[in-house]
Amino acid sequence: QVRLIESGGGLVQSGGSLILNCAHSGRTFTNYGMGWFRQAPGKEREFVAGINWTGSNKYYADSVKGRFTISRDNVKNTVSLQMTNLEPEDTALYYCAADAYRTASNYHTTDYHYWGQGTQVTVSA
């Protein structure tokens, strides 16, 4: 069974940093496009960051551009999201997603084939 497992969430003060990790089991996703999404209570799930299968192309939501960095390790089959200068508005459940093919036109959509169960990030003032 394909499974994505997120980790690294927690409590942090405004201006702090966290690194989220996504690990895969059940299938190698070296050639998969990967994405991070987040959802706050009462709000729709939104795109955060995406990365293509080689790691050469990265995409970011305007709200996190310059603060978050997505990366991948195709040897370990993991994807990371480095978050800096966190604000209370970043508080949400963060989800890792994987798909066989992503492009610059659809990296932000929610139709990825595989999803993790989320890790909570809470930023206090």
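Residues numbered from 1 in each chain as written. Predicted model: local features only at pLDDT ≥ 70, side-chain atom pairs only at ≥ 80, totals over all residues. Heavy atoms only, no water.

1. Some remarks on the overall build of the protein
Applied cut-off: Numbering of helices and strands starts at the N terminus; helices are DSSP runs of H or I of at least 4 residues and strands are runs of E of at least 2. Throughout, radius of gyration means the C-alpha value; the globule benchmark is 2.2 Å times the number of residues raised to the power 0.38. A 1.4 Å probe rolled over the protein chains alone gives each residue an accessible area, and that area as a share of the maximum for its type sets the label: buried under 20%, exposed over 50%, partly exposed in between. Only heavy atoms matter for contacts: two residues are in contact if any of them lie within 4.5 Å across the pair. Each accessible area is a Shrake-Rupley result for a 1.4 Å probe, and residues are judged covered by the shown protein chains and nothing else. Only four residue types enter the tally: Lys and Arg on the positive side, Asp and Glu on the negative side, with His and both chain ends excluded. Every charge is mapped onto a representative atom, which is NZ of Lys, CZ of Arg, CG of Asp or CD of Glu.
Secondary structure assignment for the protein yields 0 helices and 11 strands. Helices (α) and strands (β) of the protein occur, in sequence order from the N terminus, as β-β-β-β-β-β-β-β-β-β-β. What you see for the protein is a C-alpha radius of gyration of 13 Å, in line with the 14 Å of a compact globule of 125 residues. C-alpha atoms of the protein, sized along the principal axes, occupy 40 × 30 × 25 Å. For the protein, with 125 residues in total, the buried portion stands at 42%. Intrachain contacts of the protein at a sequence separation of at least 6 include 58% that bridge at least 24 residues. Total accessible area on the protein stands at roughly 6600 Å², and carbon and sulfur atoms take up 48% of it. Each charge class in the protein can be summarised by its mean position, and for the 11 positive and 10 negative side chains these summaries are 6 Å apart.

2. Topic: the pattern of salt bridges
Note that side chains of opposite charge can pair when their charged atoms are close. To be explicit about the condition: Salt-bridge detection follows one rule: a side-chain nitrogen of Lys or Arg within 4 Å of a carboxyl oxygen of Asp or Glu.
Inspection of the entire model under this criterion finds 6 salt bridges. Between Arg38 and Asp90 there is a salt bridge, with its nearest N and O atoms 2.9 Å apart. Of this pair, Arg38 sits in strand S4 (residues 33-39) while Asp90 is found in the loop between strand S8 (78-83) and strand S9 (92-99), placing the two residues 52 residues apart along the sequence. Each member of the pair, Arg38 together with Asp90, is buried. Asp62 is the salt-bridge partner of Lys65, the closest N and O atoms lying 3.4 Å from each other.

3. Section: the packing of aromatic side chains
Threshold: Only Phe, Tyr and Trp rings are paired, with Trp represented by its six-membered ring, and only when their centres lie within 6.5 Å; those with planes under 30 degrees apart are stacked, over 60 edge-to-face, the remainder tilted.
Scanning all chains against the criterion turns up 7 aromatic pairs. On the numbers, 5.6 Å between centres and 75° between planes, the contact of Phe37 with Phe47 is edge-to-face. A residue pair is termed long-range when its members are at least 10 positions apart, and Phe37 in strand S4 and Phe47 in strand S5 (residues 46-51) qualify at 10 residues. When its relative accessible area of 0% is taken as the criterion, Phe37 is described as buried.

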